[in-house]
Amino acid sequence: MNKKLDLFAALAVLTIISIIVYVTARTILLFFVEYTLIESFFAVMLLLGEFFIILHTLGYVVNIARAGSGNKQVFSSGPTGLAEPSVAVLVAARHEPKEVLESTFITLYGLNYKNKTIYFLDDSSEDKYQKEAEELSKTYGLKLFRCRHRHGAKAGIINECLKTLNDKYVALFDADQNPLPDFLKVIIPLLEHDEKLGFIQTPQFYSNLDKGPIARGAAFQQAVFYEYICEGKSTGGSMFCCGTNVVFRRKALLDAGGLDESTVTEDFATSVKLHSRGWHSLYYNHVYAFGMGPESLTGYFKQQFRWALGTISVFKKMIWQLIRHPFSLSPAQWWEYFLSSSYYLIGVALLVMMLCPMVYLLFKVPSYFASPEIYFLVFLPYLILSMSVFYFLLRGRNYKIKDLFLGQLLGQITTTVYMHAALWALIGIRGKFAITEKTKAAAIPYIRLWPQILLIFFGFISVVWGLNRYIYEQEAAILVNSFWTLYNCLLLSSIFYFNREVK
Amino acid sequence: MQNTYASESQSYCFTGAFLADQPVKKDILEFRKDYGKKPYLVMIFLGWGDFPSERTIKDVYAEDCILFLTWEPWDAQRKAGIDFNALIQGKFDSYIGKLAAMLKEIDKPVLLRFGHEMNGDWYPWSGAKIGANLYIQAYRHVKEIFNKGKAANVKWVFSINWEDLPRDNRFILYYPGSDYVDYIGIDGYNWGNSKHWSKWQSFEQIFKARYEQAAIIDKPIIISEFSSSSSGGDKQAWIKEALNSIKNMKKIKAFVIFNQDKEADWKFSPGTRAALELKKQLRGNYYKDKNTFKNSSKAL
């Protein structure tokens, strides 16, 4: 194990050094080369894109180092066997299929914890669903809660219900989560142990990973996030709430003024408030709930769009908060929140990185790796090092490269969806609350995949054009750019593999 | 919390088999003769109201093996389920207590799986018939009587089918919780083309996804029933792939091979290529037929 750790440390240090060398070289180059206006535009965009990705890589490496490599964390909890403090378990739903809800309530009912009350927050407006909710409440002894005036979607009804509670703790579950019987028995003693803990978040696990490539890819994306990123954030005191499989101290939630109703990712925005008010959070990295991930490309895109839209709009707010109240969070928390809330801008960064080599090949605008020396000496080592750190560490926790790659592919074809979300968020359009779509769905008509298909089309044209140029110009940079364009095209073309009907 | 990754360096998997309805010494030794190792876990099936035979218990432990009881809450003759509501109200407590006392008496590890394959729809205790809530209550009730009888040598196997049938009948709905479970068991068979609804499937096709799901829970895993038919494919290649796959699924700590022809030709008939392959794969240190661990609670 120690040898492995040393190897990791060496890799990490090398990665960071190569990053610094690369960024410095790139920036200096920018100032010394004489560019036209359009060339400078692409060069600056590219540099920003690279900066963005490098910052996130750095954040990732730091989180991994914090999380420790190999073994999962272990916590001490308060003495067990004392009287159980009361817990309100809240499930908010709007127009969910009865089977989905039924499974959830079966498992909540089976929670091995006596002093709990299960609340069904029914936000449905259609008769059929309201009737089902009443039936379910009878069968499983649930307290049915409804709001007279709907506001703020999911966060709204939870806040209304919160006003009526006086339990010490509030557990939140999405309507499609099936907790294991031990959930509260393990989490509550941890909260009892530390008065400053505002909430404890546990992972989400997509148990339908055998239901096709999307479900599998999404499951492993989740795994990457919950396995290392969250552990690292938790160690740094900036683990945010993910909206489900979480237990709040009610006092803390009230102190923050309830859940934030202004975004579609109310969980994330609320965490910022809690941390600003001095509450701590903890991520407990043991799966205590089985959930379901999207199985169709439509479902996946919708989920990612919603997450991206919500987080990027919080990113806007964070910038305001940083300007107005720079001391409301610690520097370490600011750094982590900057990373968390800007993550989905990756769509913009990746798009720039896809477009630049194409622009070079087609129009000779020299932005991307126009000097192959720098590319081979610095960028390539950086790329190889960071990729090996990523795969090496997740292998340490028994993940297979094939599965992780599936998750990466899925991320690549979602680039344009993230781009779309970023635009909406910057303009200030708000999305609607809908839980992730899982079941049957038709494939997306190709006409609606025009952004991806156009990228692939122009990508191939650029490669062909570039290779023709190479015959006459014999410029190494052309080969490098052609290679990257081809690589991006191949990744993108996996969309034809993922986009299929789900039965 | 148990650390799921710590024990990886000492990887191993115990052998096990279903040999006969009332297995005796001869069956255990015959298994060793045919496949090179003893079955460390010897499985028997027990109907409601019944007790394991004294002879089987004596022979199994005399051979350094352990008993793996499949306890079926039904009248084994008539295949009729018991009244589960009566069970949770205590109607069968004295029978359950007697069995607990009998197993405690053995004073060595005993594996017990109560109401297996509940995530299917064929048994009267399956969720499809009685619902997950009643199942969990029944399971917990039975286990609590064992707790009262201090039968701590009995290890509880929560044993599921490899596939949820129907699809929404997910096994996780039946999981009674870590206080009630020591091992997760998974059953699965390759029926080949022996049935109109079946097709040839490798071990990995049957078990991989279920393993990935079950491995999330902090419990070691036992393949609690498995075998392959020979119709529609190569049984020798099948068992080779199976025993190699198990080595890659580190949380699997034991398997039980169903070595009797029943609904299909599950048995690895001595002398066949498939039987020789099984013997070949069991060689070496990974598959153990005897508990050599000092800390016996860790390894069954």
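Look above for the structure.
Residues numbered from 1 in each chain as written. Chains lettered and ligands numbered in written order. Predicted model: local features only at pLDDT ≥ 70, side-chain atom pairs only at ≥ 80, totals over all residues. Heavy atoms only, no water.

Participant: Which residues make up the pairing of strand β11 (residues 252-258) of chain B, and what values go with them?
Facilitator: Each regular strand shows side chains that alternate between the opposite faces of the sheet. Residue and element names in this part refer to chain B. Burial within β11 is extensive, with seven of its seven residues counted as buried. Looking at chain direction, strand β10 (residues 221-228) and β11 are connected through four bridges and run parallel. From the neighbouring strand, I223 faces β11, where its bridge partner is F255. Between the parallel pair β10 and β11, the chain is carried across by helix α8 (residues 235-248), and the sense of this crossover is right-handed. (Buried < 20%, exposed > 50% of the residue type's maximum accessible area, 1.4 Å probe, protein only. Helix = DSSP H or I, 4+ residues; strand = E, 2+ residues; numbered from the N terminus. Pairing = 2+ DSSP bridges. Right-handed = clockwise from strand over helix to strand, strands pointing away.)

Participant: If you had to explain the interface of chain A and chain B to someone new, which residues and values would you point to?
Facilitator: On the chain B side, the residues contacting the 33 residues of chain A number 28 residues. On inspection of chain A and its partner chain B, the count reaches three salt bridges. When the shortest N-O distance is used, the salt bridge between R167(B) and E295(A) registers 3.0 Å. When residues of the side of chain A that touches chain B are traced back to their parent elements, those giving at least two are α3 (98-109) and α6 (183-193) of chain A. The dominant element in the side of chain A that touches chain B, judged by the number of residues it contributes, is α3(A), at five residues. For the side of chain A that touches chain B, the residue count by class is 13 nonpolar, nine polar and eleven charged. (Contact = heavy atoms within 4.5 Å. Salt bridge = Lys/Arg side-chain N within 4 Å of Asp/Glu carboxyl O. Nonpolar A, V, L, I, M, F, W, Y, C, P; charged D, E, K, R; others polar.)

Participant: Tell me what's going on with the pattern of salt bridges, and back it up with residues and numbers.
Facilitator: Residue and element names in this part refer to chain A. The final tally for this structure, using the stated rule, is 28 salt bridges over all chains. Between K273 and D260 there is a salt bridge, and its shortest N-O distance comes to 3.6 Å. Here K273 is found in helix α9 (residues 266-276), whereas its partner D260 is found in the loop between α8 (250-255) and α9, with 13 residues between them in sequence. Note on D260: relative accessible area 8%, which makes it buried. One salt-bridge network, in which partners are shared between bridges, spans D122, E134 and R146.

Participant: Lay out the nonpolar core with the relevant residues and their values.
Facilitator: Among the nonpolar cores identified, the biggest contains 179 residues, and F105(A), L184(A), W71(B), F146(B), F158(B), F226(B) and F255(B) are the most heavily contacted of them. With residues near it in sequence (within four places) discarded, L184(A) still touches V87(A), V89(A), L111(A), Y113(A), K116(A), A171(A), P189(A) and V247(A). Ranked by size, the runner-up nonpolar core spans 25 residues in total, among them A92(A), I157(A), A252(A) and A256(A). (Core = buried A, V, L, I, M, F, W, Y, C linked by side-chain atoms within 4.5 Å.)

Participant: Any details on the pairing of strand β7 (residues 110-114) of chain B? Residues and values, ideally.
Facilitator: Residues and elements named next belong to chain B. Of all the five residues making up β7, five are buried; the element is thus mostly covered by neighbouring parts of the structure. Burial of β7 is two-sided: the residues V110, L112 and F114 facing one way and the residues L111 and R113 facing the other way are all buried. Bridge analysis of β7 against strand β8 (residues 154-161) gives three bridges, and the strand direction is parallel. The residue of β8 that forms the bridge with L112 is W156.

Participant: Summarise the side chain of D174(A); cite the residues concerned and give the values.
Facilitator: Considering the arrangement of structural elements, one finds D174(A) in the loop between β4 (169-173) and β5 (178-179). A polar side-chain atom of D174(A) sits 2.6 Å from a polar atom in the side chain of K154(A). (Polar contact = N/O pair within 3.5 Å; in protein donor to acceptor, adjacent residues only side chain to side chain.)

Participant: Could you give an account of helix α6 (residues 132-148) of chain B, with specific residues and numbers?
Facilitator: In an α-helix, one turn spans 3.6 residues, which is why side chains three or four residues apart end up on the same side. Under the 1.5 Å per step criterion, the end-to-end length of α6(B) is 24 Å for 17 residues, consistent within 8% with the ideal 24 Å. Just past α6(B), the residue K150(B) takes up positive phi, approximately 55°. (Expected span 1.5 Å × (residues − 1).)

Participant: Before we move on, could you go through the sheet that holds strand β8 (residues 280-283) of chain A and cite the residues and values that matter?
Facilitator: All names here are of chain A. Strands sit in the order β3-β2-β1-β4-β7-β6-β8 across an open sheet of seven strands; the sheet is mixed. Edge strands, defined here as strands with exactly one partner in the open sheet, are β3 (143-145) and β8. The average angle at which neighbouring strand axes cross in this sheet is 20°, direction not considered. When strand β6 (residues 197-201) meets strand β7 (residues 246-249), the two strands line up antiparallel, connected through three bridges. For F199, the partnering residue across the bridge sits in β7 and is F248. Relative to the sheet, α6 contacts β1 (87-93), β2 (116-122), β4, β6 and β7, its axis offset from that of β7 by approximately 35°. (Axes fitted to C-alpha atoms, helices over the stretch in contact; angles between N-to-C directions.)

Participant: For the packing of aromatic side chains, give the residues involved together with the corresponding values.
Facilitator: Summed over the entire model, instances satisfying the criterion amount to 64 aromatic pairs over all chains. Plain terms: the ring middles of Y12(B) and F293(B) are 4.6 Å apart, the flat faces sit at 50° to each other, and that makes the pair tilted. In this pair, Y12(B) sits in the segment before β1 (13-14) while F293(B) sits in the segment after β12 (287-288), placing the two residues 281 residues apart along the sequence. Taking the relative accessible area as the measure of exposure, F293(B) reaches 19% and is therefore buried. With 5.5 Å between their ring centres and 75° between their planes, F158(B) and Y175(B) make a pair best called edge-to-face. Of this pair, F158(B) sits in strand β8 while Y175(B) sits in the loop between β8 and β9 (183-190), and the two are 17 residues apart along the sequence. When its relative accessible area of 0% is taken as the criterion, F158(B) is described as buried. Here Y175(B) falls in the buried class, since its relative accessible area comes to 1%. Above the ring of Y129(A), the side-chain terminus of K128(A) is found at 4.4 Å from the ring centroid. (Phe/Tyr/Trp six-rings, centres within 6.5 Å; stacked < 30°, edge-to-face > 60°. Lys NZ or Arg CZ within 6 Å of the ring centre and 35° of its normal.)

Note that every value here comes from positions in space, so none of it alone points to a role or purpose.
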